[in-house]
Amino acid sequence: MSSIAAPEAADVQAVTEQVWSSFLGDEEPLIPRFMEPGHPFDAEEVWSSAISIGGGWSGTVTVELSANLALELTRVMLALEAGDPISDEDLADAVGELVNMVGGNIKSLMPGPSVLTLPIVAAGRAAHASDAIEVARLDAVWAGEPVRVSVHTRASE
Amino acid sequence: MKALIIDDSRAMRSILRRIVAGLDFETFEAANGQEALDQLNDGLMPELCLVDWNMPVMDGYTFITSVRANQGWRNITLMMVTTESEQGQIVKALAAGAHEYVIKPFTPDAIVEKLEILGLVGRGIPA
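The residue numbering used here restarts from 1 in each chain and proceeds along that chain's sequence as written. Just so you know, chain letters begin at A and ligand numbers begin at 1, following the order they were written in. Local features are withheld for residues below a pLDDT of 70 in this predicted model, meaning they are given only at 70 or higher, and side-chain atom pairs are given and counted only at 80 or more; totals for whole chains, interfaces and linings count all residues. Water and hydrogen atoms play no part in the side-chain values, which are based on all heavy atoms of the structure.

We now examine the overall build of chain A. Only runs of H or I of at least four residues qualify as helices and only runs of E of at least two qualify as strands under DSSP, and these elements are numbered from the N terminus. Looking only at helices and strands, chain A has three helices and seven strands in total. Scanning chain A from its N terminus toward the C terminus, one meets helices and strands in the order α-β-β-β-α-α-β-β-β-β. In terms of its C-alpha atoms, chain A occupies a principal-axis envelope of roughly 45 × 30 × 25 Å. To sort residues, take the accessible area from a 1.4 Å probe on protein chains only and compare it with the maximum for the residue type: under 20% means buried, over 50% means exposed, and anything in between is partly exposed. When burial is assessed residue by residue, chain A has 47% of its 157 residues classed as buried. Contact definition: two residues touch when any of their heavy atoms are within 4.5 Å. The contacts in chain A between residues at least 6 apart in sequence include a share of 68% that link residues at least 24 apart. Computed by Shrake-Rupley with a 1.4 Å probe, the accessible areas treat only the displayed protein chains as cover when residues are assessed. Of the accessible surface of chain A, which amounts to about 7200 Å², a share of 52% is contributed by carbon and sulfur atoms.

As structure tokens, then:
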């Protein structure tokens, strides 16, 4: 697979759609939506996860999604029935695995060799370094619930 | 047959468990390479290990090299199931003794196809 200088929105969309359809199926499509640069993620309750790539290219991949979407994702991945209890630990596990797959596949597009960190998950918006620069972003909705995937690099790199 | 699923994500272990249990494997789980080695040392002898790469405590590559260093475990089939998709990583894992390599995200069919190639399931068995 050939590498690229920096991931673009189309790359993020392609990778995210591949992950989404593999684990959530194709019945409900992931629909991209336009949001102005700098527009904050617009879910009221948010789960987020981040994973860093270091080596031939360095950056951070972040997934933010509404709490409702995080619950549904967890329910599908753990094959839980509607009404089954879902713990924060389950949510963190599923949301972390989501960014692991998205980040790993973005890493494969970038110059290597490089390493992938373990994911970090939070109940709330993602935090970024003060010199982080957003290089690519996908805003989308799935089953009416918002999700954002973004890629940041550091100004110093 | 027995399958040991090694992944730090409970969600991913759940997905893989459903796939291989559907192929009539008895499934066991470990959250990292060390936990898996502990189970092997305690006498578990699976025909198949599905191994993630990036895990805390002990990663999948270290697990594979540890298994291959023990002649008593030479009959265990090792399949990496990971987001690590750089060519160099794939070559490294196969050189260390992994039999097959599946990149996440995957479909159940992709896992079944690899197991068919490895002769661990008959062709045409539904996932």
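Residue and element names in this part refer to chain B. Along helix α3 (residues 60–68), the positions that sit buried rather than exposed are G60, F63, I64 and V67. Projected onto a plane normal to the axis of α3, the buried residues spread over an arc of 100° and lie on a single side. We define a polar contact as two N or O atoms separated by no more than 3.5 Å, with the added condition that, inside protein, one atom must be a possible hydrogen donor and the other a possible acceptor, whereas residues neighbouring each other in sequence contribute only through side-chain atom pairs. Residue D59 occupies the N-cap position of α3, its side-chain oxygen lying 3.2 Å from the main-chain nitrogen of Y61. The arc under discussion is defined with respect to the helix axis, by the directions toward the C-beta atoms.

It is worth spelling out the pattern of salt bridges at this point. Take a side-chain nitrogen of Lys or Arg and a carboxyl oxygen of Asp or Glu: if they are within 4 Å of each other, that pair is a salt bridge. Within this structure, the stated rule accounts for 16 salt bridges over all chains. One salt bridge connects A:E72 with A:R75, and the closest N-O pair in it is separated by 3.7 Å. Here the residue A:E72 and the residue A:R75 both occupy positions in helix α2 (residues 67–77), the gap between them amounting to three residues, near one helical turn. On the basis of relative accessible area, A:E72 is assigned to the partly exposed category, the value being 31%. Residue B:R10 pairs with A:D90 through a salt bridge whose shortest N-O separation is 2.5 Å. With B:R10 in helix α1 (residues 10–21) and A:D90 in helix α3 (residues 88–107), this residue pair bridges two chains. The network of salt bridges with common partners includes A:E97, B:D7, B:D52 and B:K104.

With that out of the way, let us pick up the interface of chain B and chain A. Facing the 20 residues of chain B at the interface are 23 residues of chain A. Joining two parts hides part of their accessible area as seen by a 1.4 Å probe, and the buried area is that hidden amount summed over both. Summing the contributions of chain B and of chain A, the shared interface buries around 1800 Å²; its carbon and sulfur component is 52%. It is B:T83, B:E86 and B:P105 in chain B that bury the most area against chain A; as a group they hold 32% of the surface buried on that side. Seen at the junction of chain B and chain A, the total is four salt bridges. Where B:E84 meets A:K107, a salt bridge forms, and the shortest distance between an N and an O atom there is 2.6 Å.

Quick look at the confidence of the model for chain B now. When the pLDDT values of chain B are averaged, the result is 94; 96% of them are 70 or greater. Across the predicted assembly, pTM comes out at 0.90 and ipTM at 0.86. The pLDDT value tells you how sure the predictor is about a given residue, anywhere from 0 up to 100.

By the secondary structure assignment, A:K107 is in helix α3. Since its relative accessible area comes to 1%, A:K107 is described here as buried. The contact partners of A:K107, leaving out residues within four places of it in the chain, are A:I53, A:S114, A:V115, A:L116, B:E84 and B:E86.

The subject of this paragraph is unusual backbone geometry. Going from A:G112 to A:P113, the amide bond is cis rather than trans, its omega being 0°. Counting through the fold element by element, A:P113 comes out in the loop between α3 and β4 (114–116). For the peptide bond that leads from B:K104 to B:P105, omega is 0°, which places it in the cis range. Among the secondary structure elements, B:P105 is positioned in the loop between β5 (100–103) and α5 (108–117). Although it is not a glycine, A:A79 sits at a positive phi angle of roughly 55°. The topology assignment puts A:A79 in the loop between α2 and α3. In this structure A:A79 comes out as partly exposed when scored by relative accessible area, which is 41%. The phi angle at B:V57 is positive, at roughly 70°, despite the residue not being glycine. Locating B:V57 in the fold gives a position in the loop between β3 (48–51) and α3. Exposure remark for B:V57: the relative accessible area of 72% places this residue in the exposed category.

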